[in-house]
Amino acid sequence: MCLPAAFLALFFAYPLAAILARGLGDGLPWDVLGSRSTLGVLWFTAWQAAVSTAATVLLGLPLAWAIARLDFPGRSLVRALVLVPFVLPTVVVAAAFLALLPDGAERGLVAILAAHVFFNLAVVVRIVGSFWGRLDSGLWDAAATLGASPVQRLRRVTLPLLAPALAAAGTLVFLFCFTSFGVILLLGGPTYATLETEIYRSAARLFDLRAAAALSLLQLAAVGSLLALAALVERRLGGAVPLAGERDVVRRPRGRERLGLAAALTGAAVGLGLPLAALVERSLATPDGYGLGFYRALGEETAVLLVAPWHAVVNSVLYALAATAVALVVGGLAAAAIARRRAAWLDALVMLPLGASAVMLGFGFVIAFDEPPLDVRGSPWLVPVAQALVAAPFVVRIVAPALRSIDERLHEAAAVLGASPARIRRELDLPLVLRALGVAAGFAFAISLGEFGATVFVARSDWPTVPVAIFRFLGRPGALNAGQAAALAVVLMVLTAAAVLAADRIAVRRGAL
Amino acid sequence: MLRADELRVSFDGAEALAGVDIAVAEGDRLAVLGPSGSGKSTLLRALAGLEPLRAGRITVDGVDVTTLPAHRRGVGLMLQEGALFPHLDVAGNVGFGLRVAGLVRSEREEGVAEALALVGLEGMDRRSVATLSGGERQRVALARALAPRPRVLLLDEPLGSLDGPLRERLLDELCELFDRLRLTLVHVTHDVGEAFAIGDRIAVMREGRIVQESTPDELWARPVDAWVARFLGLVNLRENGTLVRPEAVRLTPGEGATVVSARRRGATVRLRVRLDDGEELETVAATLEHPAPGERVAVEVDPAGIVRLGADPG
């Protein structure tokens, strides 16, 4: 419990304090907070998140239904594939929509909303789907025998029962869209700005650190209220809904259900597949016809980066490995403390970096660690540390439930057989959560690999990561730069997808036990 | 051997154990019988060191173990539904206590084989615990508790999750095994039959207290009060503080009472009759033929079957 607390104190609380000091140093920064442009940014941030959330929930429901209730060939594969967009790096998704949308329309509101739906569909499908999949089908049968038509059953039974899961998924998606950075930065063009991109613009482009700090405080307040709301919703999620085993619920589709299944799967395949296909196409479409030219160019020096793009791939993998190790240790220990129920405050503290937003984290690093007592700016270690902070909440969320699900009586049985508490942790808890740790490692690796918001602040220009390199390429005009960005995005996509699919396979095998 | 004096345990202010004393001599078997919520499981957990005491003292062989944590007490515990370690195979489960005690591999294997032989699971070492049947799980749990040769074995509803014939068979096996090993044990159950089958002595618990402790015969002959009698399944309680055993009530053709109901339960038929003075009595008939509801009968009661509650047999 001490190690994660110390880690968070140094790398999260301290930078946050630096932001607070900067933002509030001369009293409340009303000139920034009250300005027309700030209010405009806040308003856009909120409503684009609301519209994105509504669209994601609506489009995610059919797929959630299909995966939760129906048995069809390739079901587990679809479950795994749906998850891929969620862990794809934001820059990859942005690059994909830049490749997909026609010239002239590739930047703007439609692109932003489409990318947000693409990203967060998995959240709705997974959260609502796993809840839906455990609702007792006896409830439908009962409603049917009482005379409810399928539509009435949906309205009067299914949706009310799903309400907690819908609310939970909705809050999460809203939070993600509210703090969206890479998508807005790359797809928003000059017109659209959210709090996140505005913090970045103030700090990195205008060097107005006080304004950036003030905007960060606004962001923190907004996200804090959202997280409180999410916690409230989550508490309701454990309501007295009769849950059944998955096997009793899933069955082969009949009649019109087949049509619905086909529609849901086709829609998902087109909506989720097309942008990625367009990205791959762009990466292969060299000026002299299709070929691997852009990929070969990754090995060559370029004016856009200080090093050959290939180095960025190596950097990213090394950074991500280090970040995964740190996130596993910090997140794992935090999960252990949280699971023993002694540390609800630690739970909140670990979750905060997730909500406080990566951009704020990166910005905090920049102003906290560039002057004594901690003048370590430019140290390559800041990158994996920042990435680990972003990944640790996911580790906690995966490992803590696994620890909590260990039957207390196993601990008692081991104790009575003579095992000391330390021995119980080593010989009982650790082997039992080993698979969860494996899953967490896969996710932490994928998240670190694609982390952009914090990394863009702390990565040195001679040590770029892949997302940073893609961002640089996309910032330059020309087909060669666009092609290089697409090629790098494809590489990043493959690495990330491999890590996540490996993690998901572990999860499936774990479920089979 | 095992002594507990004035044990008190509270949960959120409510007393789960309100001053419990027990004493089990070497080789003795105490069955603790009570309904759910009576505190019997709490008593067992307190003896094992899993429940912090508010007051009281526990000694094993005269040594005070009250403040010793569970893993240093050297008692064995077998829980309802086994609580087997899912990541270990059968041998890993049974050998767990030997391993944490620091035994080398050869000694461990010997101990595991011995314990598995005791419960009739020879050669199952490498089986995954997920593939075991309910009865096998309970046997593995028992072997695991026995392997480190605990001085006292504590059993918490060891057959609670099993049903029907399997439960009966395992109960017989347990009794036979306990006879053979002369184990000192405390067995907690809500099942009257189980308590009578296992215990040399039976302690009946109610609301955190032991309300009666005696041999099975004494308990059956002289329940201390109406609550105990009812819990033991004895019916025909009378307002004057006596009860009439069903097997002591004989029905013959005649007058004096009316049959209210007749229900067959396997080999016996339970009959309810209403005497003309309004009192109702239950009786058991072990015959194929029996009077039907509505029939008039004469009732005879064997005086030996009349029990005075709570009275000392002197």
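One can find the structure itself at the top, above this paragraph.
I will try to describe carefully the structure that is included in this document. (Residues numbered from 1 in each chain as written. Chains lettered and ligands numbered in written order. Predicted model: local features only at pLDDT ≥ 70, side-chain atom pairs only at ≥ 80, totals over all residues.)

**Points about the overall build of chain A**
Of the regular secondary structure elements, chain A holds 23 helices and four strands. Since a compact globule built from 513 residues should have a radius of gyration of about 24 Å, the 23 Å found for chain A is in line with a globular shape. Viewed in the frame of its principal axes, chain A has a C-alpha envelope of about 65 × 60 × 45 Å. Within chain A, the fraction of its 513 residues that count as buried is 49%. Considering only contacts in chain A between residues 6 or more positions apart, those separated by 24 or more positions represent 83%. (Helix = DSSP H or I, 4+ residues; strand = E, 2+ residues; numbered from the N terminus. Rg over C-alpha atoms; globule rule 2.2 N^0.38 Å. Buried ≥ 20, exposed ≤ 12 C-beta atoms within 10 Å, placed from the backbone. Contact = placed C-beta atoms within 7 Å.)

**A word on the sheet that holds strand E8 (residues 185-189) of chain B**
All names here are of chain B. A sheet is described by the order of its strands in space; here six strands give the open sequence E6-E7-E8-E3-E9-E10, paired in mixed fashion. Looking at strand neighbours, the two that pair on one side only are strand E6 (75-78) and strand E10 (209-214), the edges of this open sheet. Strand-to-strand twist in this sheet, taken as the mean axis angle between neighbours without regard to direction, amounts to 20 degrees. Lying on the sheet, helix H5 (residues 134-146) is in contact with E6 and strand E7 (152-156); it crosses E6 at an angle near 175 degrees. (Pairing = 2+ DSSP bridges. Axes fitted to C-alpha atoms, helices over the stretch in contact; angles between N-to-C directions.)

**Remarks on the nonpolar core**
Among the nonpolar cores identified, the biggest contains 173 residues, and Ala95(A), Val128(A), Val399(A) and Ala489(A) are the most heavily contacted of them. Within the second largest apolar cluster, 72 residues are counted, among which are Val24(B), Leu84(B), Val94(B) and Ala147(B). (Core = buried A, V, L, I, M, F, W, Y, C linked by C-beta atoms within 7 Å.)

**Side note on the interface of chain A and chain B**
Counting residues at the interface gives 17 residues for chain A and 17 residues for chain B. Only helix H19 (408-416) and helix H20 (421-450) of chain A provide two or more residues apiece to the side of chain A that touches chain B. Considering every element that reaches the side of chain A that touches chain B, the biggest residue donor is H19(A), with seven residues.

**Quick notes on the pairing of strand E12 (residues 249-265) of chain B**
Along any regular strand the residues' side chains alternate between the sheet's two faces. Residue and element names in this part refer to chain B. Bridging between E12 and strand E15 (residues 296-301) involves seven bridges; their strand directions are antiparallel. Looking at E15, one finds that Arg250 is bridged to Glu300. Pairing geometry for E12 and strand E13 (residues 268-275), over eight bridges, is antiparallel. Paired with Arg264 across the strands is Val269, a residue of E13. Hairpin connection from E12 to E13: two residues lie between these consecutive antiparallel strands, with Gly266 at a positive phi of about 65 degrees.

**A closer look at the sheet that holds strand E1 (residues 2-11) of chain B**
Residue and element names in this part refer to chain B. Ordered by their spatial adjacency, four strands build an open sheet running E2-E1-E4-E5, and the pairing between neighbours is antiparallel. The outermost strands of the open sheet, each flanked by one partner alone, are strand E2 (14-24) and strand E5 (63-64). Where E1 meets E2, eight bridges bridge the pair, whose relative direction is antiparallel. Each residue of the ladder has a partner; that of Arg8, found in E2, is Ala18.

**Brief notes about the environment of Val250(A)**
Residues and elements named next belong to chain A. Structurally, Val250 is set in the loop between helix H12 (246-249) and helix H13 (256-284). Residue classification places Val250 among the partly exposed positions, given that 16 C-beta atoms sit within 10 Å. C-alpha separation for the pair Val250 and Asp71, spaced 179 residues apart in sequence, amounts to 5.7 Å. Apart from residues lying up to four places away in sequence, Val250 is in contact with Arg69, Leu70, Asp71 and Gly133.

**Considering unusual backbone geometry**
Residues and elements named next belong to chain B. A positive phi angle is found at Arg149, which is not glycine, with a value near 50 degrees. Assignment of secondary structure puts Arg149 in the loop between H5 and E7. Positive phi outside glycine occurs at Glu157, with the angle close to 45 degrees. Along the polypeptide, Glu157 turns up in the loop between E7 and helix H6 (164-181).

In short, geometric facts, not functional conclusions.
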